[in-house]
Amino acid sequence: MALWDRIRETLDGWRGSSVQFDSGSAATNSIELTKRHPVVSLSKQGADTGSLRVNLSWRMRTSDIGGRQKHSGGFLSRPFKFFQPETVQAHTQGVVNVDLDLGCLYELGNGDKGVVQPLGGFFGDMNGPPYVKLSGDDRFGAPSGETIFINLDHREEIKRLLVFVYIYDQTPAFDRTHAVVTLYPSNGPRIEIALDERAPQARSCAVFTIENTKEGLTVRREVKFVYGFQAELDRLYGWGLQWGRGYKTKA
């Protein structure tokens, strides 16, 4: 057996023995949930109390919406800049006509179920059921994006949550938005989930679930794109709610 094959075999064996819960990166103070490492325990890192902040942000590259911009001075004057696409922050209507919304399906321990989302004005409640609160509806790409707050001091009353993102009544563009959902627990590293799988025609995405089990609160990456809206996510995860067409008031 060649030396390289032995090294590769050793590395593969080491990967296979990796722990189920990632402990985060000391350099960036963050955990990235991926297909390979999809689960993290909030309880095991002492982050199952206080306020859990969930933020949606995204950006687009100029190469995605209008081709690479030309720079004065030519390639020789800026050789490395040639390989670096410029980024356009947020999702202003001048850049792309897309309105990304953040939402959350909830199921409480007493059986109550519902949704927190901008559509329909279901902004939730932080201090009463469902203990989930949406900060507002960002339609124009503010740098802060959209944020959901979850009151984990009432974790015993929460059975499960599904946080999702959908495109409101506009052209599907998940494959161009480079969206990231970030969780900021009360303790320990932040948790990042990139919506980086190509699904150009999808209109909704189940991002992650939070489940309250005997092991405590667990976050699981989902990143499942669907071509419909909330009703399709509902069927996929068995929520059993009744859905109808909704509209936003004019901004």
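Since this is a predicted model, take the numbers as computed values, not measurements. (Residues numbered from 1 in each chain as written. Predicted model: local features only at pLDDT ≥ 70, side-chain atom pairs only at ≥ 80, totals over all residues. Heavy atoms only, no water.)

Chemist: Explanation requested: the overall build of the protein chain in the structure shown.
Modeler: Across its full length, the protein chain carries five helices and 15 strands. Evaluated residue by residue, the protein chain yields a buried proportion of 41% over its 251 residues. Per element, the accessible surface of the protein chain, about 13,700 Å² overall, is 50% carbon and sulfur. (Helix = DSSP H or I, 4+ residues; strand = E, 2+ residues; numbered from the N terminus. Buried < 20%, exposed > 50% of the residue type's maximum accessible area, 1.4 Å probe, protein only. Areas by Shrake-Rupley, 256 points an atom, 1.4 Å probe, with all protein chains shown as cover.)

Chemist: Could you clarify how one ought to interpret the sheet that holds strand β2 (residues 39–41) in this entry?
Modeler: Strand pairing in a sheet relies on backbone hydrogen bonds. The paired strands run either parallel or antiparallel. The strand order across the open sheet formed by six strands is β2-β15-β14-β11-β6-β7, and the pairing between neighbours is antiparallel. Only two strands of the sheet have a single neighbouring strand rather than two, namely β2 and β7 (113–116). Ignoring strand direction, the axes of neighbouring strands in this sheet form an average angle of 20 degrees. (Pairing = 2+ DSSP bridges. Axes fitted to C-alpha atoms, helices over the stretch in contact; angles between N-to-C directions.)

Chemist: What is the right way to look at the packing of aromatic side chains in this model?
Modeler: Geometrically, a pair of aromatic rings is defined through the distance of the ring centres and the angle of the planes. Within this structure, the stated rule accounts for two aromatic pairs. The ring of W239 carries R160 above its face, with NZ or CZ at 3.7 Å from the centroid. (Phe/Tyr/Trp six-rings, centres within 6.5 Å; stacked < 30°, edge-to-face > 60°. Lys NZ or Arg CZ within 6 Å of the ring centre and 35° of its normal.)

Chemist: For this particular structure, what's the right way to read the sheet that holds strand β3 (residues 51–57)?
Modeler: Pairing in this open sheet of seven strands is mixed, and the strands run β1-β13-β12-β3-β10-β9-β8 from one edge to the other. Only two strands of the sheet have a single neighbouring strand rather than two, namely β1 (30–32) and β8 (124–125). Sheet topology places strand β12 (residues 180–184) next to strand β13 (residues 190–194); four bridges connect them, and they run antiparallel. In the strand pairing of β13, V180 is matched with A194.

Chemist: Quick question: what am I supposed to make of the pattern of salt bridges here?
Modeler: Two side chains with opposite charge may pair up if their charged atoms get near one another. Enumeration according to the criterion identifies seven salt bridges in this entry. For the salt bridge of D48 with R155, the shortest nitrogen-to-oxygen distance reads 3.9 Å. Separated by 107 residues along the polypeptide, D48 in the loop between β2 and β3 and R155 in the loop between β10 (146–151) and β11 (158–167) bring together distant segments of the chain. For D48, a relative accessible area of 16% corresponds to the buried category. Each of K35, E197 and R221 takes part in a single network of salt bridges with overlapping partners. (Salt bridge = Lys/Arg side-chain N within 4 Å of Asp/Glu carboxyl O.)

Chemist: Before we go on, may I ask you to explain unusual backbone geometry in this structure?
Modeler: If a residue is not glycine, its phi is most likely negative; likewise, a peptide bond is most likely trans. For the bond from P129 to P130, the omega torsion is 10 degrees, close enough to zero to count as cis. Counting through the fold element by element, P130 comes out in the loop between β8 and β9 (132–134). Residue V223 is not a glycine yet carries a positive backbone phi of 45 degrees. Structurally, V223 can be placed in strand β15 (residues 216–226).

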